[in-house]
Amino acid sequence: MQNQQVPVLPRTGGVVVSPRGHRYLLGQLLGEGAFGLVFDAVGPFDQAYAVKVFLPAHRPYAAVRDQWLREAGRLLLLRHPNIVYVHDSFEAAGLFYLLLERCDHTLEQMIGTPFTDRLVVDISRQLLFALQYLADSGIVHNDLHAGNVMVVQTDRPTVKLSDFGIAQELYGQRAVRPTLVHHRIMAPEVVAGGYSTTQSDLYQLGLLVYAMHTGLYPIDFGAGYDDVVAQIRAGVPRSRAEALGTPIGNIASVLLRRHEQYRYTSPAQVWEDLRRLDVWGPTDPPPRRTPVHPPPATVPPPPARARGGSPTS
Ligand SMILES: Nc1ncnc2c1ncn2[C@@H]1O[C@H](COP(=O)(O)OP(=O)(O)O)[C@@H](O)[C@H]1O
Ligand SMILES: [Mg+2]
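Every chain is numbered on its own, with residues counted from 1 as its sequence reads. Here the convention is simple: chains get letters from A, ligands get numbers from 1, in the order in which they are written. Where totals are concerned, whole chains, interfaces and linings use all residues; where local detail is concerned, this predicted model gives features only for residues with pLDDT of at least 70, and gives and counts side-chain atom pairs only at 80 or more.

Undergrad: So what exactly am I meant to see when it comes to unusual backbone geometry here?
TA: Trans peptide bonds make up the majority, and among non-glycine residues the majority have a negative phi. Positive phi, close to 45°, is recorded for Ala57, a residue that is not glycine. Put simply, DSSP marks the helices as runs of H or I at least four residues long and the strands as runs of E at least two long, and each gets a number from the N terminus on. Along the chain, the position of Ala57 falls in the loop between β4 (48-54) and α1 (61-77). Assessed through the 10 C-beta atoms surrounding it within 10 Å, Ala57 is described here as exposed. At His58, a position not held by glycine, the phi torsion is positive, near 60°. To sort residues by burial, count the other C-beta atoms lying within 10 Å of each one's C-beta; a count of 20 or more means buried, 12 or fewer means exposed, and anything in between means partly exposed. C-beta atoms are built from the backbone.

Listed below in structure tokens is the structure:
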């Protein structure tokens, strides 16, 4: 029986072969989470992948399979420029795999020194675009932290929301009951009521905006679980954002309000405020609201003939 086998964990230098016969050569370990290992990999067309392997971690085969199926299903459904792209998902030798587009690093690796306002606004815009798509699709992410935001670095960073491991479908309901949320990013309604909504994702975005803006998180994590929960209940993140006295701090403070109904009511509404901030230099205008079409083609004037008058007449 499959659930009685002990699968051999993949390792750097190993090869994973998909049921269709595609070979993926595993490179360095990119990340390690509670549920998976993520490897750099090269695929059959020499393109880069991130291969996420679901760890059995002493759980029954069926439980790991369910978790993989849920995450794969969400990623296959959610196609958006700011959501990580899944190329394939399969089971091989008793383990479950997701073949993801390979990103360069996480947002977590960028947190530590304050970003320029322009960078905060640009990254927030992309995350809001993804969050609006999730809200419109009836999905709560529940796990929006910097380690789950991937960055593709070209001339400007493109961010990709990832890790839908504990995301939940709303199925027409207003709220869901998450079974697991990291205590550091719990929204107040998760602490007080045990439920989350798309508004809870906005709260988690507020924590991220604060961290990008200041280089620090608005909660002291050193004092342990009870103290972190007490800070969330007391609204410390919101007060800290407000105390910054900056335009971005003010927007973060609305995202971090304790009562979800007093936060922004949608990702699009947050963008309405962010896009008004004067963070764009003369060479770098804000993204335009409406597409600008090229001016209609004009027929070039015939060459001026010398008629004794002015050549431009
Ligand atoms: N597509 C990717 N490209 C590059 N690195 C990735 C990618 N996906 C995940 N990682 C790395 O692996 C880590 C864990 O991945 P994640 O999907 O968040 O798994 P977990 O569910 O275990 O938290 C991430 O924080 C990141 O460092
Ligand atoms: Mg993760």
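Undergrad: I tried to follow the confidence of the model for the protein on my own but got confused; where do I start?
TA: For any part of a model where pLDDT is low, the fine detail of the predicted coordinates should not be relied upon. On a scale of 0 to 100, pLDDT captures the predictor's confidence in every residue. Per-residue confidence for the protein gives a mean pLDDT of 90, with 88% of residues at or over 70. The contact rule is simple: place each C-beta atom from the backbone, and if two of them lie within 7 Å, those residues are in contact. Across residues 304-313, confidence stays below pLDDT 50; counting only partners more than four residues off in sequence or on other chains, it has two contacts.

Undergrad: Looking at this model, I keep getting lost on the site of ligand 1. Mind explaining?
TA: For each residue, a C-beta position is placed from the backbone atoms; the residue is near a molecule or strand when that point lies within 6 Å of it. Not every one of the 21 residues close to ligand 1 is listed here, only the nearest: Gly31, Gly33, Val38, Ala50 and Asp163. Within the residue set of the shell around ligand 1, elements represented by two or more residues are β2 (23-32), β3 (36-42), β4 and β6 (95-101). Residue classes in the shell around ligand 1 are distributed as nine nonpolar, eight polar and four charged. In terms of domain composition, the shell around ligand 1 takes at least three residues from each of domain 1 (15-101) and domain 2 (105-298). Here the nonpolar group is Ala, Val, Leu, Ile, Met, Phe, Trp, Tyr, Cys and Pro; Asp, Glu, Lys and Arg are the charged ones; every other residue, Gly included, is treated as polar. Throughout, the edges of the domains are those of an automatic or database domain assignment.

Undergrad: So what exactly am I meant to see when it comes to the nonpolar core here?
TA: Within soluble globular proteins, side chains that are nonpolar generally end up buried alongside one another. As used throughout, a nonpolar core is a set of buried Ala, Val, Leu, Ile, Met, Phe, Trp, Tyr and Cys residues joined through C-beta atoms within 7 Å of each other. Ranked by size, the top nonpolar core spans 72 residues in total, and within it Val51, Leu127, Leu205, Val209, Met212, Ala252 and Leu255 carry the most contacts. Here this core spans two domains, since at least three of its residues come from each of domain 1 (15-101) and domain 2 (105-298).

Undergrad: So what exactly am I meant to see when it comes to the packing of helix α2 (residues 117-136) against helix α4 (residues 198-214) here?
TA: Angle between the axes and distance between the axes are the two parameters that describe a pair of packed helices. Between α2 and α4, the least distance of the axes is 11 Å, while the angle of their chain directions is 170°. It follows that α2 is roughly antiparallel to α4 by the angle criterion. Listed contacts from α4 to Val120, Ile123, Ser124, Leu127, Leu131, Leu134 and Ala135 of α2 are Thr198, Asp201, Leu205, Val209, Met212 and His213. For the contact of α2 with α4, the residue count by class is nine nonpolar, three polar and one charged. For helices, the fitted line uses only the C-alpha atoms of the stretch in contact; every axis is such a line through C-alpha atoms, and the angle between N-to-C directions lies from 0 to 180 degrees. Angle categories: roughly parallel below 35 degrees, roughly antiparallel above 145, roughly perpendicular from 65 to 115, and oblique for all the rest.

Undergrad: Would you explain the sheet that holds β2 in this entry?
TA: Strand pairing in a sheet relies on backbone hydrogen bonds. The paired strands run either parallel or antiparallel. The pairing criterion for strands is at least two bridges between them, as found by DSSP. Spatially, the six strands line up as an open sheet ordered β1-β2-β3-β4-β6-β5, and their pairing is antiparallel. Here the strands that pair on one side only, and so sit at the sheet edges, are β1 (15-17) and β5 (86-92). Going across the sheet, the axis of each strand differs from the next one's by a mean of 35°, ignoring polarity. Pairing geometry for β1 and β2, over three bridges, is antiparallel. Considered in β2, the bridge of Val17 is made with Arg23. On top of the sheet, α1 reaches β4, β5 and β6; it is set at about 20° to β6, its chief contact.

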